Amino acid sequence: MSTGGPSQTVTQMPPEFQLPYISDVFRMGQQIAYTPYTPYSQQRYAETAPLYQQGVEAAQQAAASPGLLGQINVGGQNMGVMQAYMNPYQQSVTDVAKQQAVREFGSGLQSLRGQAAQRGAFGGSRQAILESELMRNLGTNLSNIQMQGSAQAFNQANQLYQQDLQNQMQKAQSLQQLGLADEARRQRDLDAMYQEFQQQRDYPARQAETYRNIIFGLPGYASQSAYQSSGNPLTQGLGLARLLYGGL
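Because the structure is predicted, anything quoted here is derived from the model rather than measured.

## A word on the side chain of Gln176
Right, on to step 1. Here Gln176 shows up in helix 5 (residues 125–216).
Right, on to step 2. There is a polar contact of 3.4 Å between the side chain of Gln176 and the backbone oxygen of Gly55.
Right, on to step 3. Sequence-distant contacts of Gln176, that is, excluding residues within four places in its chain, are made with Leu51, Tyr52, Gly55, Val56 and Ala59.

Written as structure tokens, this is what we have:
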């Protein structure tokens, strides 16, 4: 158990030459504390770039495009997507193939009738059956030609349509990237302006802090802790008894 007395802090006063500077520190601190708040009056964040907004709208339009069997507006007129993207010459190619099939049918029919005439069976039942079969084959051939031509036209129109959509999406993405780059550049400029404002606003406080560090860093101003003993309680009691009883 410790018999020592309480710890006391003894403050060594600064030398007299430092007192005016210390007063300056308190005066500067008071002035800074009483300085009114200065709001930032300039634009803080960059607005959305017009190019980025255009890219978003273009992407939305491409995403909302109808399928190949839908309707689109071309030059102010609504028409089918397939009609708009179909090669107008594809049906002409199909018609040429069908005409060729009809000519081949005519040639075959003439050959059949010539053979029947040579056999003396022209106009007979067998000739009728063969001509009917030729006619049926012609119908089937024409139908197949049209189906193949339509399928080819559909596939080509679909490829053109999908390629067009892909081009639109790529263009939309390019616009968005350009817009984001422009927005980032303008944001950097705004951040630089705001940092300059902060530096100017905080300059007095930084100067006062630097001034205080210089003053309080000079020798002569320090706080020291010293232990002052209060004496042994037993010794103090004996001394008091001598006083009370005449110097025992």
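From this point, the discussion proceeds with the structure in view.
## Here's the deal with the packing of aromatic side chains
Right, on to step 1. Following the criterion strictly, the structure yields four aromatic pairs and no others.
Right, on to step 2. Taking 4.9 Å as the distance between ring centres and 55° as the angle between the ring planes, the aromatic pair formed by Tyr40 and Phe197 counts as tilted. With a gap of 157 residues between them, Tyr40 in the loop between helix 1 (19–33) and helix 2 (50–63) and Phe197 in helix 5 connect regions that are remote in the sequence.
Right, on to step 3. The exposure class assigned to Phe197 is buried, which follows from its relative accessible area of 16%.
Right, on to step 4. With a centroid separation of 5.2 Å and 70° between ring planes, the pair formed by Tyr85 and Tyr161 is classed as edge-to-face. Of this pair, Tyr85 sits in helix 3 (residues 81–85) while Tyr161 sits in helix 5; the two residues are 76 residues apart in sequence, bridging distant segments of the chain. With respect to burial, Tyr85 and Tyr161 carry one shared label: buried.
Right, on to step 5. Over the aromatic face of Tyr45 sits the side chain of Arg44, whose NZ or CZ is 5.1 Å from the ring centroid.

Calculation notes
- Throughout this description, residue numbers start from 1 for each chain and increase along the sequence as written.
- Given that this is a predicted model, residues contribute local features only at a pLDDT of at least 70 and side-chain atom pairs are listed and counted only at 80 or more, while totals for whole chains, interfaces and linings are drawn from all residues.
- As a convention, hydrogens and water are excluded, and side-chain values are obtained from all of the structure's heavy atoms.
- In DSSP terms, a helix is any run of H or I states spanning at least four residues, a strand is any run of E spanning at least two, and both are numbered starting from the N terminus.
- What qualifies as a polar contact is a pair of N or O atoms within 3.5 Å, subject to a donor-acceptor requirement within protein and to the restriction that residues adjacent in sequence count only when both atoms come from side chains.
- In this analysis, two residues are considered to be in contact whenever any of their non-hydrogen atoms come within 4.5 Å of each other.
- Side-chain rings of Phe, Tyr and Trp, where Trp is taken by its six-membered ring, are said to pair if the distance between their centres is within 6.5 Å; with planes under 30 degrees apart they count as stacked, over 60 as edge-to-face, and otherwise as tilted.
- Partly exposed residues are those whose accessible area sits between 20% and 50% of the maximum for their type, while under 20% is buried and over 50% is exposed, using a 1.4 Å probe and protein chains only.
- Sitting over a ring, as applied to charges here, requires NZ of Lys or CZ of Arg to be within 6 Å of the ring centre and within 35 degrees of the ring normal.

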